[in-house]
Amino acid sequence: MATWHVEMQRRGPGLLLRDILAGEDPDVAAVVDVIAHVSPDILLLTGFDWDLKLAAARALETRLATAGAGYPHLFALPSNAGLATGLDMDGDGRTGGPRDAQGYGWFAGQGAMVLLSRLPIDSVKVRDFSDLLWADLAWGRPPMVDGQPFPSPQAQAALRLSSTGHWDVPVILPDGGRLHLLCFAATTPVFDGPEDANGLRNHDEIALWSVYLDGGLGPPPEDAVVVMGNANLDTSDGEGRQTAIRDLIGHARLQDPRPHSAGGTEAAVAQGGANTGHAGDPALDTADWSDDPAPGNLRVSYVLPDRALTVTDAGVFWPVAGAPLRPLVEGEGLPRHRLVWVDLDVPG
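Parameters and conventions
Residues numbered from 1 in each chain as written. Predicted model: local features only at pLDDT ≥ 70, side-chain atom pairs only at ≥ 80, totals over all residues. Heavy atoms only, no water. Pairing = 2+ DSSP bridges. Helix = DSSP H or I, 4+ residues; strand = E, 2+ residues; numbered from the N terminus. Contact = heavy atoms within 4.5 Å. Axes fitted to C-alpha atoms, helices over the stretch in contact; angles between N-to-C directions. Polar contact = N/O pair within 3.5 Å; in protein donor to acceptor, adjacent residues only side chain to side chain. Core = buried A, V, L, I, M, F, W, Y, C linked by side-chain atoms within 4.5 Å. Buried < 20%, exposed > 50% of the residue type's maximum accessible area, 1.4 Å probe, protein only. Expected span 1.5 Å × (residues − 1).

Q: Sorry, what's going on with the sheet that holds strand β11 (residues 301–305) here?
A: The strands making up a sheet are joined through hydrogen bonds of the backbone, oriented either antiparallel or parallel. One open sheet accounts for five strands, arranged β5-β8-β9-β10-β11; its pairing is mixed. The outermost strands of the open sheet, each flanked by one partner alone, are β5 (127–128) and β11. In the sheet, β5 pairs with strand β8 (residues 166–172) via two bridges, with the strands oriented antiparallel. Bridging from a neighbouring strand, Asp 128 pairs with Trp 167 of β8. Seen against the sheet, helix α5 (residues 197–213) touches β5, β8, β9 (178–185) and β10 (225–230) and runs at an angle of roughly 155° to β9.

Dropping the structure here:
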């Protein structure tokens, strides 16, 4: 299985579908080629525009099937990304901007997520935590300024914790059992002010899965789980409240396969800049960001399987310079993030 923040968001509804159908966009072609090469059985794409009938996702799947990597089962729920609130959610005195939505976005569903699977999805048993109000969560830490909710009591009372979504999606295994995919994409912990609204939200979006597995949101799944998605947070480098991702990785039910690549190590050395001061292993990096002045390359996307599952292999798709597939990860406009995959032995 795999997750990838593909950055396939466009500036208006329907534009992603247009680009996929046109067949001329090099970014879309590169995404198709990478997925077809890795060919995971289960794939969570984050940073992918949502539409009501999943037309863009179905168009992408058609191209993947043509490339030999079809996915008969697609799943996505309406996203908080770009969902209008009518309130000033960032405290700039205006409404209607992308930061005034439940999650950053110019329109409903911009930069959402979609699940593609070769295993059937038990859609009746899906649990969606995306509408949980942040202020209602006893363990949450919404931002406060001078003892008052930021940016206003009204805005904070209306704000959902999930900037994109949090889904528990069971897939049906060959033996009839279930594997629960805990899918999410957290907000970035930067682009805010001294109130640290994004940093606090990022922390709590990641922490939600630890709370869920501990029974804090109702009974957790008895079947095996896999947490997967874009946490937007490195365990040791860059900005953010890193205890959240460390706690999740260290949860008693989960294991960290530490997917890695030679390309990540090569890039950190070649690009220098902020990478030279990083404490983490660059082989684990999943995003190739600006190195001067910051943040450098970071590990932000994760696949964390249940300890009950057997991991047989894991990696990050980041070919080294000169490799035949290297053009798929370099060039103007291509995703800055890398696909992260884990091979698992499951029942049946």
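Okay, back to it.
Q: Please explain the environment of Leu 119 as it appears in this structure.
A: By the secondary structure assignment, Leu 119 is in the loop between β4 (112–117) and β5. Those residues in contact with Leu 119 that sit more than four places away from it in its chain are Ile 42, His 73, Val 171, Ile 172, Leu 173 and Pro 174.

Q: Which parts of the structure should I look at to understand the sheet that holds strand β3 (residues 73–75)?
A: Strand order across the open sheet formed by six strands is β3-β4-β2-β1-β13-β12, with mixed pairing between neighbours. Only two strands of the sheet have a single partner each, and these edge strands are β3 and β12 (310–316). In this sheet, adjacent strand axes meet at a mean angle of 20° when their direction is disregarded. Where β3 meets β4, three bridges bridge the pair, whose relative direction is antiparallel. Note on β4: the bridge partner recorded for Leu 74 is Leu 116. Of the strands in this sheet, β2 (42–48), β3 and β4 touch helix α3 (residues 55–66), which is tilted by about 130° from β2.

Q: How should the side chain of Gln 156 be read in this particular structure?
A: Mapped onto the elements of the fold, Gln 156 is located in helix α4 (residues 153–158). Among the polar contacts made by the side chain of Gln 156, one reaches the main-chain carbonyl oxygen of Pro 143 at a distance of 2.9 Å. For Gln 156, the side chain forms a polar contact with the main-chain oxygen of Phe 150, separated by 3.0 Å. Ignoring sequence-local partners within four residues, the contact set of Gln 156 consists of Ala 135, Pro 142, Pro 143, Met 144, Pro 149 and Phe 150.

Q: What should I look at first to understand the nonpolar core in this one?
A: Leu 45, Phe 48 and Leu 181 are the most contacted members of the largest nonpolar core, which totals 62 residues. At six residues, helix α2 (residues 26–38) tops the list of elements feeding residues into this core. Look past the residues within four positions of Leu 181 in its chain and what remains in contact with it is Met 1, Ile 42, Leu 115, Trp 167, Asp 168, Val 169, Val 171, Val 226 and Met 228. Ranked by size, the runner-up nonpolar core spans 29 residues in total, among them Trp 134, Ala 186, Leu 200 and Tyr 212.

Q: Would you mind going over the pairing of strand β1 (residues 2–8) with me for this structure?
A: Across a regular strand the side chains alternate sides, sitting on one face of the sheet and then on the other. Of all seven residues that make up β1, seven are buried, and the element is covered over most of its length. Note: β1 against β2, five bridges, orientation parallel. Residue pairing in the sheet places His 5 in a bridge with Thr 46 of β2.

Q: Looking at this model, I keep getting lost on α2. Mind explaining?
A: For an α-helix, 3.6 residues make a turn, and residues three or four places apart therefore share a direction. Between the first and last C-alpha of α2 there are 18 Å, a value that for 13 residues agrees with the 18 Å anticipated at 1.5 Å per step. Where α2 is concerned, the buried positions are Val 28, Ala 30, Val 31, Val 32, Val 34 and Ile 35. Among the residues trailing α2, Ser 39 stands out with phi positive, at a value near 50°.

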